[in-house]
Every structure is written in structure tokens, then in C-alpha cells.
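Structure assessment
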Amino acid sequence: MNPLTRDSMARMVAHSLPPNAFVNLGIGAPTLIADHLPDELGVILHSENGMLNLGPKPAPGEEDFDLINAGKSPVTIKTGGAFFDSSMAFAMMRGGHIDVAVLGAFQVSASGDLANWNTGNVDGAPPAIGGAVDLAVGAKQIWVMMDHVTKDNVPRLVRRCTLPLTAVGVVKRVFTNYCVMAVEPDGLRVEAVRQGLTPEALQAMTEAPLQFGCRLGVIREDGTMEPAGA
Amino acid sequence: MVGGFGGAGLPRRLIEAVLAAGVRDLTVISNNAGSGAGDLSAWFEAKIVRKIICSYPRSAAAFAEQYRAGTVELELVPQGTLVERIRAAGAGLGGFLSPVGVGTLFEHGKQQLEVGGKTYLLELPLKADFALLRGRAADTMGNVVYNKTGRNHQAVMATAADTVVVEVAEILAPGNLDPEAIITPCIFVDRVFLAERA
């Protein structure tokens, strides 16, 4: 049993999004979700730098450096898209107009605290925050897409975040390379798990206590789920 | 204030012009802190910035070097709060209440107020002596339109500086911009000049 690749994780999240939702994808890994959105799902992507209805990457040679996403990569705009200024872009977030924001994270706590902006490294590098705090507070639902453990196998799903917080108690669902979890009032409940992984093995990689639903979904290697959208 | 988000809408000619003018001890308000040739990196290399107020000084080698050396001050502001503080200044407001940052490091030093059972931080307005912006086109009256995501912080910055200068790729006679589509009306703009893409 292999953990999901980044691409498979992106497919899993893309297929879990509600139809016709307005969605913001955080910089980093969540950006990959855009490549897996089925057209018929009708999801409209929002970008904090002032655009609705982001399209895919442009063909080589057709990049326009005034048409970029929040990660500063060239993108395209789909039919029916709109440009606006940053103040309106953030009003869409803080004002609760974005249905789902999918963000990367370093740590998520059992109560849905999010730490995704500062690894607390003390090498003197300047900190950077961007729009992460605004999104985490404003979107109707915050989903996290991240590896289940760090490169050194340290759990990222923790009882209490040890890194500086981005927002308190905001995360609703977490998608990792091993499972999908919902953040409930009494902690993390696993909704689906990578095919072949036992609950015990998953708990061993997780500092926060996990609960397992009786109808646990199964995640295949390509990121699709059984039952679909579990 | 310097408009732009990454390279989108960055007023590169104005950035060069400030360098050539030989000014120093600048306080800069911008989204980023430069990440390559011809952007704000040049100001940090020339050591003319005393303080930067920004949200995302990442991949900013020249800035990071001075930050580590302790020769430049950083005020890190969440991006939505940054633009809204500028908007407050431009709109004549004394500040605003934001839920962003409550329970995090970003609440430090800020007054907290409870309204309707919810906690907010008091955020104060942010204005500048100069706003340096990049538009796609202006008319000779100073009405400005921007280019795609090049609009970013610029439309708000145009409202919040004593002197607003916009470099544009095209200058038109009045009447050639659709009044329904003008983003920055001329009341905010002091100077426009023609600048090909750097």
C-alpha cells in the first residue's frame, strides 16, 4: 500500500468538491486540484489577486505575466470570468462568499486549528503571510490538503499546534496522502482511508486521537473513492 | 506605495525612476518585497528602503539579506488587511474591525473589540506620500484602466496617497475609455505617463 501521490490527492479533493461551488485553492499543492476538476462539476475558482473563473495553464509561449494566479504562475481566464481589485477579492473571502478554500498546512489540531504560514524556523529568514489568514477566517469551509506526516515522519495532525497559528478552529475537512477526515466538535473522524491501511496503522501516524465511522470509505491508488465522494 | 502582485502590474519604469532620483530612507508599502531584476529588489540592493509594510516577502533575496542584517524593518500584514487598511485611508475612515488574525501572532499590539459576541481587531488606516502604479491605459484627464490581474492593489492605492503617479502602456484622448469601465476615476490621479513594458 503506497501513500497517494500529490496528483492522486489533488484528484481526490477535486472529486469531493460540491457542484457549482466557488472555490479558492491555496498556493502550493492545492493548486494541482485545478488540473483534476471535471468540467461538469461547474466549480468556479477564485484567486486572491483579483480573478474569478481561473482557467488552466496557457500553452507554452502564450503566457501573459499580467494574468497570474496567487502563486504567481501564468493562468488563463474562462468564459464568464471577471477581474477585480484586491479589496473586492478579499471581501469575497472575509464576507463568506467563498464556499470552500483548500489550503496547504504544516499542522492541523484535533479542534481544527490551522498552522500553515510559519514553520518557526529560526534561521533568520523573513516571515511571509500572504492571504492565508484572511482565507482561513473568511471562507465558509476550510479544507486542508497535506501530507499526513512530515519528511521525518512526525505527525502533522496533532492535539495542539506547536507552530504559529493561522486561525483558530476553522478547519472542516482534512485530505492527506492516507485518509480523509472531518473535524467534529469532539475531534477528528476518519471518513475514508487508503485501501489496505488499517485504522491502527493510521492512528500510529497521527498524534490526535482518531474516530472511525462505521461506513468507512476506501481510497484507491488514483485518488478515487469507494463509495464515490465518501 | 508601489502597486503590483509579483510581476503583474508592477510599475517597473517608476521603480527605476525612484532609483535614479537618489532618494533614500523610504518606507515602502507593497504586496511583495521584490524577487528579481527590475522590481523592488533593486531598491533593497541600493539600500534605500528603511522599512517595508507588506504581506508576502518570499523569494526576496535582496530584502532577506538586509532583513537578516537588521538594516531594514518589516511590518508583516495579512494581504486582505493590508489592502483594507489602504482602502480605509483612501475612504477617510479611522480604521475598521476585522476578524482576521484573532488568536494568532497578528493580534499583538492591536486593540480588541467585541461586537455582536464576536471578537475583532481594530486595524488602522495606511496612507502614503506617493503611490506608484501601473495601468494599461489612461486618458489625458487621468482616468485609468488596468490589465487583468495587474489591477490587484493598485485601484485602492490610487485613493490613499498624496501624489498618485500611473505609468501606462497607452494614453488616450478623453472619451476613448468607456465611462462604465473606468476603474480609477481621474479625481484620484495626479500624473500619468507613457511607459512601454520594461
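Quick caveat: nothing in here was measured; it's all calculated off a predicted structure.

1. Digging into the overall build of chain A
- If you tally the helices and strands in chain A, you get four helices and 14 strands.
- Computed over its C-alpha atoms, the radius of gyration of chain A comes to 17 Å, within 12% of the 17 Å expected for a compact globule of 230 residues.
- Considering only C-alpha atoms, chain A reaches an extent of 50 × 45 × 35 Å along its principal axes.
- Counting across all 230 residues of chain A, residues that qualify as buried make up 45%.
- Taking contacts inside chain A between residues at least 6 apart in sequence as the whole, the part at least 24 apart equals 64%.

2. Some details on the overall build of chain B
- Tallying secondary structure elements over chain B gives five helices and ten strands in all.
- The C-alpha atoms of chain B give a radius of gyration of 17 Å, which matches the 16 Å a tight globule of 198 residues would have.
- By principal-axis analysis of the C-alpha atoms, chain B measures approximately 50 × 45 × 25 Å.
- Each of the 198 residues in chain B was classed as buried or not, and the buried ones make up 48%.
- By sequence separation, contacts in chain B at least 24 residues apart represent 69% of the contacts at least 6 residues apart.

3. Digging into the environment of Y67(B)
- Relative to the elements of secondary structure, Y67(B) occurs in helix α3 (residues 61-69).
- For the pair Y67(B) and F44(B), spaced 23 residues apart in the sequence, the C-alpha separation amounts to 9.9 Å.
- Discounting residues that sit within four places of it in the chain, Y67(B) has contacts with P126(A), V72(B) and L74(B).

4. Quick word on the packing of helix α2 (residues 86-94) of chain A against helix α4 (residues 79-90) of chain B
- Direction vectors running N to C along α2(A) and α4(B) enclose 125°, while the axes themselves pass 9 Å from each other. Classified by the angle their axes make, α2(A) and α4(B) are oblique. Read as a crossing pair, α2(A) and α4(B) show a hand that is left-handed. On α4(B), the residues touching S86(A), S87(A), F90(A), M93(A) and R94(A) of α2(A) are Q79(B), G80(B), V83(B), E84(B) and R87(B).
- Counted by class, the contact of α2(A) with α4(B) contains three nonpolar, four polar and three charged residues.

5. A look at the domain arrangement of chain B
All names here are of chain B.
- Split by domain assignment, chain B resolves into domain 1 (12-76), domain 2 (79-123) and domain 3 (128-194).
- Between the C-alpha centres of domain 1 and domain 3 the distance comes to 23 Å.
- Taken together, the contact pairs four residues of domain 1 with six residues of domain 3.
- Split by residue class, the side of domain 1 that touches domain 3 holds two nonpolar, one polar and one charged.

So, how was this worked out
Residues numbered from 1 in each chain as written. Chains lettered and ligands numbered in written order. Predicted model: local features only at pLDDT ≥ 70, side-chain atom pairs only at ≥ 80, totals over all residues. Helix = DSSP H or I, 4+ residues; strand = E, 2+ residues; numbered from the N terminus. Rg over C-alpha atoms; globule rule 2.2 N^0.38 Å. Buried ≥ 20, exposed ≤ 12 C-beta atoms within 10 Å, placed from the backbone. Contact = placed C-beta atoms within 7 Å. Axes fitted to C-alpha atoms, helices over the stretch in contact; angles between N-to-C directions. Parallel < 35°, antiparallel > 145°, perpendicular 65-115°, else oblique. Left-handed = near helix turned anticlockwise from the far one by under 90°. Nonpolar A, V, L, I, M, F, W, Y, C, P; charged D, E, K, R; others polar. Domains from an automatic or database assignment.

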